[in-house]
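Below are the chains, spelled out letter by letter.
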Amino acid sequence: MKRIPFTKMHGCGNDYIYVNAMQHPIDKPQATAIAWSDRHKGIGSDGLVLIDRSPVPEADYAMRIFNADGSEARMCGNASRCIGKYLYEKALTGKTEIRLLTLSGIKTLQLHLADGKVESVTVDMGEPVLKDESLFVGSRCAGKGTFVSMGNPHYVIFTDNVDQVGETGRILEHYPAFPQRCNIEFARIESPVTIRTRVWERGSGITQACGTGACATAVAACLTERAGRTSNIVMDGGTLHIEWRESDNHVYMTGPAAFVFDGEAYAP
């Protein structure tokens with residue numbers, strides 16, 4: 001085993017372990033994600049994020065993300081914001097606009113600075129992919145939801161009981177309608193521009209926040225005429241500002257990113 005330097009960061013409480021894979025490649029990222037994410041025996045996180053060189057000239061850097069169960073995700077909005085802060089504040093780039101290659105395509109990060117630090121990041125999340133259907137769990141209706149893909153799949157259910165996230169989210173993640181499993185959001189409209197949301201992330205369970213989930217919730221609220229094209233999504237760990245622009249049909253997410261600590265750990 002070898003010791004790998006890492007940085008723990010979070011976006012609205014959605015915490016991941018970040019590794020500069022350009023300098024410290026990890027041979028077994030799935031096993032490393034499982035070991036390091038363990039909150040009792042490891043570092044503790046929602047997963048592992050590898051920052052690497054882009055294999056294509058259209059992007060500046062590349063991201064791979066592995067959930068706490070070792071499964072690889074296609075995209076993570078909170079992680080992408082943290083990568084922007086990581087790259088700039090660790091002097092790996094001087095750019096304030098960064099093109100990041102993910103498994104769901106290239107995302108553009110716009111860094112917003114204050115006193116030379118990255119205060120927040122806006123991510124162009126691209127166009128949502130939509131499908132609408134109802135789900136039933138046993139004989140009990142889980143509620144009619146809206147399927148929105150933001151590079152990874154989300155099923156958004158509007159309900160007064162957002163705290164069912166643990167019980168119902170666990171079931172719906174593995175529901176037969178979602179052969180690749182699904183992220184599940186439970187959302188409650190608080191005002192025309194404020195939506196309270198709790199999320200069950202596939203592969204990680206309940207998380208403090210989910211960037212793509214916030215985007216999916218805002219899109220679903222607009223589609224069902226519960227909100228307009230701009231929403232503040234209030235999650236357990238903080239609030240994300242989402243705009244679904246009519247001009248290009250892209251979803252733009254703005255929110256904070258924060259360092260927690262640096263360290264070293266043995267990779268399996």
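Reading the values: the criteria
Residues numbered from 1 in each chain as written. Predicted model: local features only at pLDDT ≥ 70, side-chain atom pairs only at ≥ 80, totals over all residues. Heavy atoms only, no water. Buried < 20%, exposed > 50% of the residue type's maximum accessible area, 1.4 Å probe, protein only. Helix = DSSP H or I, 4+ residues; strand = E, 2+ residues; numbered from the N terminus. Arc of directions from axis to C-beta. Core = buried A, V, L, I, M, F, W, Y, C linked by side-chain atoms within 4.5 Å. Contact = heavy atoms within 4.5 Å. Polar contact = N/O pair within 3.5 Å; in protein donor to acceptor, adjacent residues only side chain to side chain. Expected span 1.5 Å × (residues − 1). Disulfide = S-S within 2.5 Å. Salt bridge = Lys/Arg side-chain N within 4 Å of Asp/Glu carboxyl O.

Caption draft 1: Structural context of helix α1 (residues 29–37). Considered for burial, the residues of α1 that qualify are Pro29, Thr32, Ala33, Trp36 and Ser37. The buried residues of α1 occupy one face: seen down the axis, they fall within an arc of 110°.

Caption draft 2: Spotlight on the nonpolar core. If you look at the biggest cluster of nonpolar residues, it comprises 52 residues, and the most contacted ones within it are Tyr18 and Ile242. The element contributing the most residues to this core is helix α4 (residues 211–223), with eight residues. The contacts of Tyr18, once residues within four sequence positions are left out, are Phe6, Thr7, Met9, Val49, Ile51, Asn78, Ala79, Cys82, Ile83 and Tyr86. Judged by nonpolar contacts, the second largest core, of 13 residues, contains Ile4, Phe6, Trp36 and Phe66.

Caption draft 3: Structural view of the side chain of Lys8. Mapping Lys8 onto the fold places it in strand β1 (residues 2–11). There is a polar contact of 3.1 Å between the side chain of Lys8 and the side chain of Asp15. In this structure Lys8 touches Asp15, Tyr16, Arg39, Ile43, Gly44, Phe259, Val260 and Phe261, once residues within four positions along its chain are discounted.

Caption draft 4: Inspection of α4 at higher detail. Between its first and last C-alpha atoms α4 spans 19 Å; for 13 residues at 1.5 Å apiece the expected length is 18 Å, and the two agree. Within α4 the residues assigned to the buried category are Gly211, Thr212, Gly213, Ala214, Cys215, Ala216, Thr217, Ala218, Val219, Ala220, Ala221 and Cys222. In the stretch just after α4, Glu225 is the one whose phi turns positive, near 60°.

Caption draft 5: Examining the environment of Ala73 more closely. Summarising the element assignment, Ala73 is placed in strand β5 (residues 72–73). Sequence separation between Ala73 and Cys12 is 61 residues, and the spatial gap between their C-alpha atoms is 19 Å. The residues touching Ala73, leaving out its near neighbours within four places in the chain, are Ile65, Asn67 and Leu103.

Caption draft 6: Quick peek at the side chain of Thr197. Here Thr197 is to be found in strand β13 (residues 194–201). Every residue in contact with Thr197, bar those within four places of it in the chain, is listed here: Glu185, Phe186, Ala187, Thr217, Ile233, Val234, Met235 and Asp236.

Caption draft 7: Structural view of the state of the cysteines. With the rule as written, the count across this model stands at zero disulfides. No disulfide involves Cys222; its nearest neighbouring cysteine sulfur is the one of Cys215, lying 13 Å away.

Caption draft 8: Structural context of the pattern of salt bridges. Going through the model one piece at a time under the given rule, you end up with 16 salt bridges. The partner of Asp15 in a salt bridge is Lys8, with the nearest N and O atoms 3.1 Å apart. Under the relative-accessibility criterion, Asp15 is labelled buried at 8%. Overall, the relative accessible area of 10% leaves Lys8 in the buried class. Put simply, Asp60 and Arg99 hold a salt bridge, and the shortest N to O gap is 3.0 Å.

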